[in-house]
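# Tertiary structure, described
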Amino acid sequence: MSTPMESLIRLLDVVDALPDAVALRARSYELLRLPRGAAVVDVGCGAGRAVAELAGRGARAIGVDPADEMLAMARHRWPEADFRAGDACALPLGDGEVAGYRADKVFHEIADTAKALAEARRVLAPGGRIVLTGQDWDGFLIDSDDPALTRTIVHARADLTTNPRAARRYRNLLLDAAFTDVEVKADLGVFTDTTMLPMLTGLAEGARVAGAITAEQEAAWAAEQTGRAQSGRMFLAVPLFVVAGTLPAA
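The notes below deal with the structure included here. From a predicted model like this one, the values you see are computed outputs, not experimental measurements. Counting from 1, residues in each chain are numbered in the order their sequence is written. In keeping with the predicted nature of the model, local features appear solely for residues at pLDDT of at least 70, side-chain atom pairs appear and are counted solely at 80 or more, and the whole-chain, interface and lining totals rest on all residues. Hydrogens and water are ignored here; the side-chain numbers use all heavy atoms of the structure.

What follows covers the packing of helix α6 (residues 147-159) against helix α8 (residues 197-209). Axis separation between α6 and α8 bottoms out at 8 Å; the angle between their running directions is 75 degrees. Classified by the angle between their axes, α6 and α8 sit roughly perpendicular to one another. For the pair formed by α6 and α8, the contact residues are I153, A156 and R157 on the first element and G202, L203, A204, G206 and A207 on the second. Think of it as three bins: nonpolar holds Ala, Val, Leu, Ile, Met, Phe, Trp, Tyr, Cys and Pro, charged holds Asp, Glu, Lys and Arg, and polar takes everything else, Gly as well. For the contact of α6 with α8, a count of residues per class yields five nonpolar, two polar and one charged. Here, axes are lines fitted to C-alpha atoms. For helices the fit covers the stretch in contact, and angles between N-to-C directions go from 0 to 180 degrees. Secondary structure counts use DSSP, requiring at least four H or I residues in a row for a helix and at least two E residues in a row for a strand, with both numbered from the N terminus. For classification, angles of less than 35 degrees are called roughly parallel, those exceeding 145 degrees roughly antiparallel, those between 65 and 115 degrees roughly perpendicular, and all remaining angles oblique. A contact between two residues is defined here by any heavy atoms of the two lying within 4.5 Å.

This is the structure we're talking about:
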């Protein structure tokens, strides 16, 4: 039986391979505007795909993650890459060491985003670029025969997340941290097959664990979504935001 972390990595691999996900990562790399050979940190690097892709673009990429199991997988997959233990509020980097800072689907797990952005400012060189990407956990759109129950499930699961609405605040977070040239782009990820079914059933499980719905409601809703997925009638839309900014030179 696989561990929860192994199951998460498998799901991430599936999602990362989707064409829209590939395009979104590429956009985040372009927004970094890295000169060839420049150092960049990927915060919350997970299994290391973005670090490898940034290195393939000529950057000196550093991956940082707090999870030992994730780092072990990253080092196994990309043995030539630079992976380090650490978290967004305590990065294993020197002052002004990197020209780029990237964090993908990370800030919704951070309680003190101001502290994390102060740390980003510390490790960025003057004129360096920051790029944040992620989904709004409170904004999932799901087709269902029971929209009221669906709203309850989405909001209850969002409330289990440390900072579920961080993505909609990215722009203001960067402005509050005195980054300049702040720009925002938005995508809507749409899923209609079985790929994201584990995420949907996980939403219902989280809502039940939180006490927002009963076990019977969880089972009925999960069964409906499973049936929709198997018949090609599932509809999940996830708002995704990308924000970029520049650390002033002075």
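Structure's up, so let's keep going.
Here the nonpolar core consists of buried residues drawn from Ala, Val, Leu, Ile, Met, Phe, Trp, Tyr and Cys, with membership extended through side-chain atoms lying within 4.5 Å. Burial status follows relative accessibility: with a 1.4 Å probe on protein chains alone, a residue under 20% of its type maximum counts as buried, one over 50% as exposed, and anything between as partly exposed. Y101, F107, I130, L132 and F179 are the most contacted members of the largest nonpolar core, which has 31 residues in total. Those elements giving two or more residues to this core turn out to be β1 (39-43), β2 (60-65), β4 (98-104), α5 (113-123), β5 (124-135) and α7 (170-176). By residue number, the principal contributor to this core is α5, which donates four residues. Beyond its immediate chain neighbours, meaning those up to four positions away, L132 contacts Y101, A103, F107, Y170, L174, F241, V242 and V243. Judged by nonpolar contacts, the second largest core, of 23 residues, contains A156, L197, L200 and W221.

A few words on the pairing of β1. Across the five residues of β1, five count as buried, placing the element largely inside the fold. Side chains A39, V41 and V43 project from β1 onto one buried face, and the interleaved V40 and D42 project onto a second face that is buried too. Where β1 lies against β2, five bridges are found, and the strand directions are parallel. Residue D42 lies in a different strand from β2, and its bridge partner there is G63. Handedness of a crossover is defined as follows: orient the strands so they point away from the viewer, and if the path from the first strand over the helix to the second runs clockwise, the crossover is right-handed. Read as a crossover between parallel neighbours, the route from β1 over helix α3 (residues 49-56) to β2 is right-handed. Two strands qualify as a pair provided DSSP detects at least 2 bridges between them. Two elements, β1 and β4, share four bridges in a ladder whose sense is parallel. When the bridges of β4 are listed, V43 appears paired with A103.

Time to look at the packing of α8 against helix α9 (residues 215-230). Running from N to C, α8 and α9 cross one another at 170 degrees; their axes reach a closest spacing of 9 Å. When the interaxial angle is binned, α8 and α9 end up roughly antiparallel. Residues L197, L200, T201, A204, E205 and R208 of α8 form the contact with α9, whose participating residues are A215, E218, W221, A222, Q225, T226 and A229. Looking at the contact of α8 with α9 residue by residue, the classes come out as seven nonpolar, three polar and three charged.

Below, the discussion takes up the pattern of salt bridges. The term salt bridge refers to a side-chain nitrogen of Lys or Arg lying within 4 Å of a carboxyl oxygen of Asp or Glu. Applying the stated criterion across every chain yields a total of 17 salt bridges. As a salt-bridge pair, R208 and E218 come within 2.7 Å of each other at their nearest N and O atoms. Taken together, the positions of R208 in helix α8 and E218 in helix α9 put the pair ten residues apart, joining distant regions of the chain. A relative accessible area of 32% places R208 in the partly exposed class. Connected through salt bridges with shared partners, the residues D42, R102, D104 and K105 form a single ionic network.

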